[in-house]
Structures are given as structure tokens and as C-alpha cells.
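This is what each chain is made of:
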Amino acid sequence: DKAGHRHFMSKEIAEQPDVLANALKYYTTDREGRHLLETGVDFSQFDRIVMVACGTASLACFVSKYWFEQIARIPVEIDIASEFRYREPPLNDRTLTLFVSQSGETADTLAALRYCTGQAGKVVSIVNAMESSIARESDLALPILAGPEIGVASTKAFTCQLAVLASLSLQAARQRGLLDEAGDRELTDQLRRVPGQVTEALAIAPQVQAVSAQLARYEDVLFLGRGALYPLALEGALKLKEISYIHAEGYASGELKHGPIALIDEEMPVVVLTPHDAMFDKTVSNMQEVMARGGKIVMVSDARGLKDGGDGVWQMIEMPKIDGPFAAIAYAVPIQQLAYFTAVEKGTDVDQPRNLAKSVTVE
Ligand code: M6R
């Protein structure tokens, strides 16, 4: 049932404020805004976290690496399951392994999990399907509570994975004695504001749709971001190619001049994800490098960012103002919608893109 939407993908994008609120409530909040759930993971027992997943789920891991390392000061290694499983990486009981999978049935992720069983200190999974093989075979399975996701392109599962990982990063920081009362409260509040920010981000759909009508005419698109927005740039590119069949790549903004800048011309729009944060000025200078070479920028930022850095850009998308490390969650919305509206504009099969399966159960 598409609940009045033309596609499951659009329904699932729209559901995000509700499912995120649910997930965050489950993992983080009581009246005092403290963690309610005793997840059963003691992060003070581990020296590092190894996260393994495929596709969009692996990009959720990549975003959360920034949180775990910056907030909880625990080293995080991320890998895609198809590489991890054959590399035979060394593990020990001070290593926490974390497997993220919407379906819980992805063959490579399951094989990687089996490799870790008996070698790692703990095998934890973060899944949407709690009756899945991955959930069953882990020491502990944590639900993302996104509800059924039908569209092949992962949307609400991605943001719910982020919400759970963000909650765990706060729990880790707390258990490792890194949060004082005030810091704890502030970060918890920032996390609780996410569903509201996602609602605001959904409201800018008309702007995103107008940009998509333009993007649909191009054959290549570049996505740039810094910090936790870098893996989001990768996700923006994945989403766009997956459903609109436009070739897209994501790069860290700072990598631009190490190669991809050679591609820049008026035929390859560059989507820049940049809240007005500590990295903003650096990203603006990367944008200027693109514009100086005739490149067309789609700038996704807040009102202040667009005002301070928007001179000469081709298209603007105005996000709400978001403080703190979790901005990446709400910034997922415009990149999902960019892919969605571009695909609709091109008339591709949004929910069932060619050559793709919802759950990849073969290697
Ligand atoms: O079910 P999983 O989360 O393990 O699936 C992993 C990937 O196959 C999946 O995220 C894929 O990349 C999506 N189609 C992306 O939108």
C-alpha cells in the first residue's frame, strides 16, 4: 500500500520523521533525555570497532565513524563485506564487530559475520528484519525500527541506521567517561531534534524538485562533502545512479584538486553538501575552484551558508539550520529527493530499478 504516494520510495521518504522518532525514542530518551535502553554493549570493554556492511548500509557505517571517533574517541574501521570476508583481517576479544543490514540477509555481510564469530569480542548486528539470518547469528541484534522498506533504494532504513548508530555513539561516549552532564545533555538534545529537522527538510521538496528537473538533463553529476557529509556525498551519488541511471560520483571536498577537478566543465553539475559548520569556509573555497572552471554548483546549505557562500552558484537548496554532529541525518533527505525527482523526471522505474534486487542473497 503506497498510502496515496506514486511510489513506495516517496512514501518511505515521507515516513522518516515518524520512524526516526520511534527509533530515537527506543534508543535514547526518557523524560530527562537520557538513554533508556541498556543495549547490552559495553563500549568500555573494546579498543576498536570494526563495522561491515554493503551499499547504503556501509555508508551509514562510514557516517557513524565520524561520531564514534569524535564523540566516543574509539577507533572505527569500516569495510564493505565483500572485501572484508576474504581479507582475513585479524580480530581479538577487544574488537567489537558491528554488522549493519536492512534485510539481514545480504550474503556477503552474513559471510563476514560468520568469519568474526568466535574471533571478535562481540558480534552485534543492526537490522530492520529481526527474524533474519544476520540477526539470528549475532550475539546481539538491535532493530532500526524503520518498518517494511519496499523500494529498492534504501531511504528510511538508511536514516534509521544513522539514528541507531548515533545513539550508540553517545552511549559509547558515556560508558567511556567522555561526556560531562552538559555535553551529554546537549548532544542528546541535538539527537532528539533530528525528526523535526527531517520534517523541515521534507518541506523543501519543491526546491529539490526544481533542481532535479535540471539535473535530469545531464549525464554526470559529482557530489562533494566534508566530515560526516563526505560519506553522505557517496550516498547521494549511489542513490542518483541507482534510480535515475545518471553517472554520479561522490568525493571528499578536499580531494577535488587531487584528480576529479580535471572533469569539471559546464556539463557536470556538482552538488555540494555543506551546512554552515566549522568546515564551511574550506568547502566554499572548493566550490570557488569549481566555478572558476565553469562548473555548475548545486549548493545545499542553510540560510546563513547560502548567504555567505552562495555567490555565483547555479542552484540553491535551503536546509534548516542544524547545529552539531548529527546534521548528516537530515541532509540525507534532500539527496534522497534529488534522486527521486530526477528519476521521476526521467521516467525510470523508481521502486524497481533495472538490474537491482532489494536483498542481495547471492555473492
Ligand atoms: O539489506 P542490506 O542493508 O544488507 O542491503 C545492502 C545493500 O544491498 C543496499 O543498501 C543497497 O545498496 C541499496 N539498494 C541502496 O539503496
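Taking an unreviewed UniProt entry as the reference, the chain is identified by name as Glutamine--fructose-6-phosphate aminotransferase [isomerizing] belonging to Mesobaculum littorinae. The UniProt entry for the chain carries the following comment under Subunit (unreviewed entry): "Homodimer." The UniProt entry for the chain carries the following comment under Subcellular location (unreviewed entry): "Cytoplasm".

S.K.: Please explain the sheet that holds strand β10 (residues 315-319) as it appears in this structure.
M.R.: Backbone hydrogen bonds are what pair the strands of a sheet, in a parallel or an antiparallel way. Strand order in the open sheet made by the five strands is β7-β6-β8-β9-β10, with parallel pairing throughout. Here the strands that pair on one side only, and so sit at the sheet edges, are β7 (247-252) and β10. Each adjacent strand pair in this sheet contributes to an overall mean axis angle of 20°, direction not counted. Across five bridges, strand β9 (residues 297-302) lies against β10 in parallel orientation. Bridge pairing in β10 places Val-300 opposite Ile-317. Packed onto the sheet, helix α10 (residues 205-215) meets β6 (220-225), β9 and β10 and runs at close to 155° relative to β10. The sheet strands contacting helix α12 (residues 280-292) are β8 (270-273) and β9, and the helix crosses β9 at an angle near 165°.

S.K.: I tried to follow the site of the ligand on my own but got confused; where do I start?
M.R.: In the vicinity of the ligand lie 13 residues, with Ser-101, Gln-102, Ser-103, Thr-106 and Glu-242 positioned nearest. Thr-56 has a polar backbone atom sitting 3.2 Å from an oxygen atom of the ligand. Protein contacts shield 91% of the accessible area of the ligand, which totals 410 Å² for the unbound molecule. For the shell around the ligand, the secondary-structure elements that each account for two or more residues are α3 (55-72) and α11 (229-244). Among the elements that take part in the shell around the ligand, α3 stands out by supplying three residues, more than any other.

S.K.: How should the packing of helix α2 (residues 16-27) against helix α7 (residues 156-175) be read in this particular structure?
M.R.: The relative placement of two packed helices is expressed as an angle between their axes plus a distance between the axes. It is the contact of α2 with α7, at a shortest axis distance of 9 Å, that shows an interaxial angle of 25°. When the axis of α2 is compared with that of α7, the two are roughly parallel. Our pair here, α2 against α7, has a crossing hand that is right-handed. On α7, the residues that touch Gln-16, Val-19, Leu-20, Leu-24 and Tyr-27 of α2 are Lys-156, Thr-159, Cys-160, Ala-163, Val-164 and Ser-167. Classifying every residue of the contact of α2 with α7 gives seven nonpolar, three polar and one charged.

S.K.: What exactly am I supposed to notice about the nonpolar core here?
M.R.: Generally speaking, nonpolar side chains in soluble globular proteins are found buried as a group. Ile-49, Trp-67, Phe-68, Ile-126, Phe-223, Leu-232 and Phe-326 are the most contacted members of the largest nonpolar core, which totals 91 residues. For this core, the element with the highest residue contribution is helix α14 (residues 327-346), accounting for 13 residues. Look past the residues within four positions of Phe-68 in its chain and what remains in contact with it is Phe-43, Ile-49, Met-51, Arg-73, Ile-74, Val-76, Leu-165, Leu-168, Ser-169 and Ala-172. Ranked by size, the runner-up nonpolar core spans 17 residues in total, among them Ile-261, Val-284, Ile-297 and Leu-306.

S.K.: What is the right way to look at unusual backbone geometry in this model?
M.R.: Most of the time, phi is negative for any residue but glycine, and the peptide bond is trans. The backbone of Ala-3 sits at a positive phi, close to 50°, despite the residue not being glycine. Relative to the helices and strands, Ala-3 is located in the segment before α1 (8-14). In this model, Asn-355 sits at a positive phi of 70°, which is unusual for a non-glycine residue. When you line up the elements, Asn-355 lands in the segment after α14.

Here is what the cut-offs are and how they apply
Residues numbered from 1 in each chain as written. Predicted model: local features only at pLDDT ≥ 70, side-chain atom pairs only at ≥ 80, totals over all residues. Heavy atoms only, no water. UniProt positions renumbered as here; feature names shortened; annotations may be inferred. Pairing = 2+ DSSP bridges. Helix = DSSP H or I, 4+ residues; strand = E, 2+ residues; numbered from the N terminus. Axes fitted to C-alpha atoms, helices over the stretch in contact; angles between N-to-C directions. Contact = heavy atoms within 4.5 Å. Near = heavy atom within 4 Å. Polar contact = N/O pair within 3.5 Å; in protein donor to acceptor, adjacent residues only side chain to side chain. Areas by Shrake-Rupley, 256 points an atom, 1.4 Å probe, with all protein chains shown as cover. Parallel < 35°, antiparallel > 145°, perpendicular 65-115°, else oblique. Left-handed = near helix turned anticlockwise from the far one by under 90°. Nonpolar A, V, L, I, M, F, W, Y, C, P; charged D, E, K, R; others polar. Core = buried A, V, L, I, M, F, W, Y, C linked by side-chain atoms within 4.5 Å. Buried < 20%, exposed > 50% of the residue type's maximum accessible area, 1.4 Å probe, protein only.

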